[in-house]
Amino acid sequence: MRFEVEEFSTIEDVFLYLISIAPYMKQVLPVSSYKGYVFSIVPLTPLSGDVLMMVYTKNTLEPGMIEFDIATKKYKTVTAVERADKNYFIVLTPKRATVADSAITYLESKI
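Residues numbered from 1 in each chain as written. Predicted model: local features only at pLDDT ≥ 70, side-chain atom pairs only at ≥ 80, totals over all residues. Heavy atoms only, no water.

(A) The environment of Pro43, seen in detail. With respect to the secondary-structure elements, Pro43 resides in strand 3 (residues 37-43). Taking C-alpha positions, Pro43 is 19 Å from Asp13, a pair spaced 30 residues apart along the chain. Excluding residues that lie within four positions of it along the chain, Pro43 makes contacts with Val51 and Leu52. (Helix = DSSP H or I, 4+ residues; strand = E, 2+ residues; numbered from the N terminus. Contact = heavy atoms within 4.5 Å.)

(B) How the structure looks around the pattern of salt bridges. Evaluation of the coordinates by the stated rule reveals 6 salt bridges. A salt bridge links Lys73 to Asp13, with the nearest nitrogen and oxygen atoms 3.1 Å apart. Here Lys73 is found in the loop between strand 5 (64-69) and strand 6 (74-78), whereas its partner Asp13 is found in helix 1 (residues 11-21), with 60 residues between them in sequence. Lys86 is the salt-bridge partner of Asp69, the closest N and O atoms lying 2.9 Å from each other. (Salt bridge = Lys/Arg side-chain N within 4 Å of Asp/Glu carboxyl O.)

(C) Just the sheet that holds strand 7 (residues 87-92), in detail. Judged by pairing direction, the sheet is mixed, and its 7 strands sit side by side in the order 1-4-3-2-7-5-6 without closing on themselves. The two strands at the open ends of the sheet, each matched to only one other strand, are strand 1 (2-7) and strand 6. The average undirected angle you get between the axes of adjacent strands in this sheet is 35°. With 7 bridges joining them, strand 3 and strand 4 (residues 51-58) adopt antiparallel strand pairing. When the sheet's bridge partners are listed, Ser40 is paired in strand 4 with Val55. The strands that helix 1 touches are strand 1, strand 2 (28-34), strand 3, strand 4, strand 5, strand 6 and strand 7; relative to strand 4, the one it contacts most, it runs at about 150°. Here helix 2 (residues 98-110) sits on the sheet in contact with strand 1, strand 2, strand 3 and strand 4, set at roughly 105° to strand 3. (Pairing = 2+ DSSP bridges. Axes fitted to C-alpha atoms, helices over the stretch in contact; angles between N-to-C directions.)

In structure tokens form, the structure reads like this:
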């Protein structure tokens, strides 16, 4: 497995990136908050999964559902998908994540 990384300054920028690459009409996307990073790992080679990109920022989020407004670049915690004009993220905080651990190790070795 090979990793590429794309770092952003803010959580909002990570959300914007993920929305821009999501399949059309995909309104709910997962992100992870793990070991001081908020990120998503995206396969760059969909068939083999050999190359993965970690899109991240250094920060943390509490687990739950986040509503994100593209126009204002603001997010807030919500309990349900409420509006079709907003995008939503499910924040997951894994206890252990081996792919994420490998990506973080790769990332930190390059800093």
